[in-house]
Structures are given as structure tokens and as C-alpha cells.
Number of protein chains: 2
Amino acid sequence: MPSHNWRNRFRGRGSRWTAPREAILNLLISTSKHMSAKEIYRSLLRIYPAIGLTTVYRTLDVLEQMGYLNKIPLGTGENKYELITDSSETHHHHLICTQCGRIIDYTDFEESELIKKAEQTLKTKHGFKITDYNFEFYGICKHCQERR
Amino acid sequence: MPSHNWRNRFRGRGSRWTAPREAILNLLISTSKHMSAKEIYRSLLRIYPAIGLTTVYRTLDVLEQMGYLNKIPLGTGENKYELITDSSETHHHHLICTQCGRIIDYTDFEESELIKKAEQTLKTKHGFKITDYNFEFYGICKHCQERR
DNA sequence: TTGGTATTGATAATCATTTTCAATAGCAGT
DNA sequence: ACTGCTATTGAAAATGATTATCAATACCAA
Ligand SMILES: [Mn+2]
Ligand SMILES: [Mn+2]
Ligand SMILES: [Zn+2]
Ligand SMILES: [Zn+2]
């Protein structure tokens with residue numbers, strides 16, 4: 001996962017490889033968390049004081065368009081992001097704690113299969129061409145249940 | 001579906017039965033569409049020129065808390081709403097056209113079953129208490145595919 | 001090295017939803 | 001029907017996330 005790999009991916013589609021983009025990617029690569037644009041921005045400020053929040057948003061957009069980023073709506077109008085890497089489970093869903101905002105990854109083979117099947121069915125039955133889907137559970141995480 | 005039914009539901013939880021709330025409910029009952037707060041507001045203006053958008057939001061909140069309203073995030077930060085009635089399919093999902101905003105109801109027995117199972121699993125396995133979930137497909141509807 | 005242009009960051013603008021607050025109206029108790 | 005308490009209302013301002021604008025800058029192909 002050397003960064004010239006990412007560099008080439010950007011260059012390959014006519015985009016440029018820049019310092020802000022490298023900083024954002026390094027952060028996304030190194031973290032295991034699901035971060036919001038502002039969280040990414042604030043985290044980068046320490047090492048890259050000149051970076052702008054706007055640039056974070058733009059880079060996340062590009063990454064999403066390239067298919068390397070997963071955008072997770074929190075249901076509050078805010079989104080969190082996670083990089084899609086080779087090693088990461090491509091198909092997983094999320095448990096979102098409405099109390100603390102924590103996001104828990106969760107994989108279910110049956111569910112993934114069903115979604116694939118549904119995509120097919122919806123195309124033939126409703127003529128609906130699926131480009132994306134959301135599947136999130138909302139609730140109270142174990143941690144938050146204990147402290148009340 | 002006489003409105004004194006709804007009146008009692010409101011009164012039952014210490015809430016008051018008011019003209020704006022009756023107007024909003026009558027609209028939600030009579031429509032088969034999935035409407036946004038602003039769409040509801042604009043539609044009511046004709047018959048109830050004094051109504052405020054704020055009140056629409058507040059009434060939708062109450063209905064959601066009472067468990068009679070389904071809130072559907074469009075992925076753009078905007079939400080649409082639909083009343084949950086006895087006759088309506090309680091468990092259905094949505095196909096959201098990212099081109100025209102149309103929402104298509106869609107029911108899948110297998111999927112509903114799987115979600116019920118998942119709720120159980122998540123509770124025992126992750127200690128996660130589910131209060132709600134989102135399951136939406138995004139894509140291009142038949143209508144929009146033809147006109148391009 | 002250079003020129004064209006993609007990108008950047010500061011700032012202002014959007015847009016949906018919330019908050020605030022004084023005025024009003026529902027309704028329980030009389 | 002009257003009264004008083006307080007939930008509700010609507011206008012206006014505030015919020016919070018995201019986007020648009022724009023002049024300055026930095027990539028990078030040639
Ligand atoms: Mn994840
Ligand atoms: Mn529906
Ligand atoms: Zn939590
Ligand atoms: Zn459409």
C-alpha cells in the first residue's frame with residue numbers, strides 16, 4: 001500500500017496527486033474508525049495546519065466517485081466515511097448508536113447474498129437500475145446501555 | 001378512520017388535538033405519496049394559509065415518536081415521510097430514484113424475515129438494542145431510464 | 001522551464017431542520 | 001360557560017452540514 005499506488009489511481013483518471021490528498025488518504029488508511037468530514041479536518045489540522053475543510057469534502061467526493069470510499073449517512077444529516085481497502089470486508093453493514101454516534105461494523109453473509117439477489121429482481125421486475133444502497137441499523141450500543 | 005381516533009391517540013399521551021395537527025393528518029391519510037416537510041407545508045397552505053412550516057416539522061416529530069410515521073432519508077439530507085396505517089404494509093422498503101426523487105414501495109418477504117432475525121442476532125451477539133433501521137436502494141427508475 | 005488548468009483555501013451561500021419566544025388556544029377543573 | 005394552566009403555534013433567527021465562488025497556487029505534460 002505505498003502511496004505511489006494511490007498517486008497512480010488519481011493520475012489515471014486525469015486527477016492530480018497533491019499534498020492535501022496525500023494527507024487525507026494517509027489518515028483514512030491508518031485509521032480503523034468511521035470519520036466525518038469535520039473529524040478528518042480537525043485531525044489533519046495538527047500535521048497540516050493549512051488544510052481547508054472544503055478540500056476534505058472535495059477529496060472525499062473524488063474518492064467516492066472512484067469507488068474507494070464508503071459514505072455512511074447517520075440519519076442526522078451528517079455522514080461518516082470509511083476507505084474501502086482490499087483487506088477490508090467489502091460488504092458489511094453498520095450498527096449506528098443514536099446515543100454516542102459510535103459505528104459498529106457488522107457482516108452477515110446471508111444478508112449480502114440477499115441484497116445481490118434483490119438487485120437482480122428489482123432490475124427485471126421494476127425496471128429499477130440500482131447504483132447504491134443503504135442498510136443501517138439504529139439503536140443503543142452495549143456501552144451506552146450499561147451507563148444509564 | 002374517523003379523526004376522533006387520532007384525537008384520542010394524541011390526548012392519550014398528554015398531547016393536544018389542534019387544527020394544524022388535524023390538517024396535517026388529513027393530508028397524510030389521504031395521500032399515497034411520500035412527502036417531505038416542505039411538500040406537506042406547501043400543500044396545506046391552500047386550505048390552511050396560516051400554518052407554519054415549523055409546526056409541520058413538530059407534528060411529524062410527534063407522529064414519529066408515537067410510531068405512526070416512517071421517516072425516509074433521501075441521502076441528500078432531506079427526508080420524506082409516510083403514515084403507517086393498519087392497512088399499509090408495515091414492513092416495506094424503498095427504491096429511491098436519484099434522478100427524479102420518486103420513491104417506489106417494495107416488499108420482500110425474505111428480506112423482512114432476515115431483518116427480524118438480524119435484530120435478534122444483534123441484540124444477543126453485539127448487545128446492540130435496535131430501535132430502527134434503514135434499508136433503501138438508490139438508482140434510476142424505469143421512467144428516467146427511458147427518457148435519455 | 002513553461003503554460004494551461006486542476007486544485008486549493010477563505011469566504012459566502014444553500015438548504016433542511018431547530019431553537020427561541022411572545023402570543024394563542026386546548027382542555028381539565030370549576 | 002368561565003378560568004387558569006400550559007402545550008402549541010408561527011415568525012424570525014440560529015444552527016450545522018455541505019456547496020458554490022473566486023482569486024491565488026501548484027501539478028505536470030510538453
Ligand atoms: Mn464500516
Ligand atoms: Mn413507502
Ligand atoms: Zn453508544
Ligand atoms: Zn426517476
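This text follows the structure it describes.
Just so we're clear, the structure is a prediction, and the values are computed from it rather than from any experiment. (Residues numbered from 1 in each chain as written. Chains lettered and ligands numbered in written order. Predicted model: local features only at pLDDT ≥ 70, side-chain atom pairs only at ≥ 80, totals over all residues. Heavy atoms only, no water.)

The next subject is the protein's contact with DNA strand D. Within the structure, DNA strand D sits among 22 residues, and Lys38 and Tyr57 of chain A together with Thr18, Thr55 and Arg58 of chain B are positioned closest to it. A breakdown of the atoms of DNA strand D within 4 Å of the protein gives sugar and phosphate a share of 64%. Residue arginine 16 of chain A places a side-chain N or O atom 3.1 Å away from a base oxygen belonging to DNA strand D. One nitrogen or oxygen atom from the main chain of glycine 77 of chain A is found 3.4 Å from a sugar or linking oxygen belonging to DNA strand D. Elements that contribute at least two residues to the surface near DNA strand D include exactly helix H4 (53-66) of chain A together with helix H2 (19-30) and helix H4 (53-66) of chain B. Here the surface near DNA strand D is composed, by residue class, of six nonpolar, eight polar and eight charged. (Near = heavy atom within 4 Å. Polar contact = N/O pair within 3.5 Å; in protein donor to acceptor, adjacent residues only side chain to side chain. Helix = DSSP H or I, 4+ residues; strand = E, 2+ residues; numbered from the N terminus. Nonpolar A, V, L, I, M, F, W, Y, C, P; charged D, E, K, R; others polar.)

Glancing now at the coordination of the zinc ion (ligand 4). Residues and elements named next belong to chain B. On the protein side, the zinc ion (ligand 4) has Cys97 (SG), Cys100 (SG), Cys141 (SG) and Cys144 (SG) as donor atoms, found 2.3 to 2.4 Å from it. The buried category is assigned to cysteine 97, whose relative accessible area is 2%. For cysteine 141, a relative accessible area of 1% gives the class buried. (Donors = N, O, S within 2.8 Å, 3.2 Å for Na, K, Ca; no water. Buried < 20%, exposed > 50% of the residue type's maximum accessible area, 1.4 Å probe, protein only.)

This part is about the interface of chain A and chain B. Size of an interface, as often reported, equals the accessible area lost when the parts are brought together. Each partner contributes to the interface: chain A provides 32 residues, whereas chain B provides 31 residues. Between lysine 117 of chain B and glutamate 110 of chain A there is a salt bridge whose closest N-O contact spans 3.8 Å. At the surface where chain A touches chain B, the tally comes to 14 residue pairs in polar contact (both at pLDDT 80 or more). Among the elements of the structure, strand E4 (93-97), strand E5 (103-106), helix H5 (109-126), strand E6 (129-140) and helix H6 (142-146) of chain A are those that each provide at least two residues to the side of chain A that touches chain B. Grouping the amino acids of the side of chain A that touches chain B by side-chain chemistry returns 17 nonpolar, six polar and nine charged. In this sheet, strand E6 (residues 129-140) of chain B lies alongside E6 of chain A in antiparallel orientation, the contact comprising eleven bridges. (Contact = heavy atoms within 4.5 Å. Salt bridge = Lys/Arg side-chain N within 4 Å of Asp/Glu carboxyl O. Pairing = 2+ DSSP bridges.)

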